[in-house]
Amino acid sequence: MTMIHVDRDRCVGAGMCALTAPGVFTQDDDGFSEVIPGREDGAGDPMVKEAVRACPVRAITTVARP
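All of these numbers come straight from a predicted model, not from anything done at the bench.

Student: Looking at this structure, I do not really get the side chain of Asp28. What am I missing?
Tutor: With respect to the helices, strands and loops of the structure, Asp28 is situated in the loop between strand S2 (25-27) and strand S3 (33-35). Within the structure, Asp28 has its side chain in polar contact with the backbone nitrogen of Asp30 (distance 2.9 Å). Setting aside chain neighbours within four positions, we find Asp28 in contact with Arg8 and Glu34.

Student: Before we go on, may I ask you to explain unusual backbone geometry in this structure?
Tutor: For residues that are not glycine, phi is negative in most cases, and the peptide bond is trans in most cases. Positive phi outside glycine occurs at Ala43, with the angle close to 50 degrees. Locating Ala43 in the fold gives a position in the loop between S3 and helix H2 (48-54). Look at Arg58: it is not a glycine, yet its phi comes out positive at around 55 degrees. Tracing the backbone through its elements, the reader meets Arg58 in the loop between H2 and strand S4 (60-64).

Rules used throughout
- Residues numbered from 1 in each chain as written.
- Predicted model: local features only at pLDDT ≥ 70, side-chain atom pairs only at ≥ 80, totals over all residues.
- Heavy atoms only, no water.
- Helix = DSSP H or I, 4+ residues; strand = E, 2+ residues; numbered from the N terminus.
- Polar contact = N/O pair within 3.5 Å; in protein donor to acceptor, adjacent residues only side chain to side chain.
- Contact = heavy atoms within 4.5 Å.

The analysis is restricted to geometry; functional conclusions fall outside its scope.
Shown next, in the form of structure tokens:
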């Protein structure tokens, strides 16, 4: 299982993750990215890896969990 994390200290609100994988990422009222509650494992979305790559400040990480 993979867990997704958005580093809110690094996020600049570019929104590339929400555009790339809208079923997993959203933006809060201030425009910063966050993982949709219940989707922390990526919900099987094949675009999560692309969303991680698309982040211009590398604020998104994935960690493999056993």
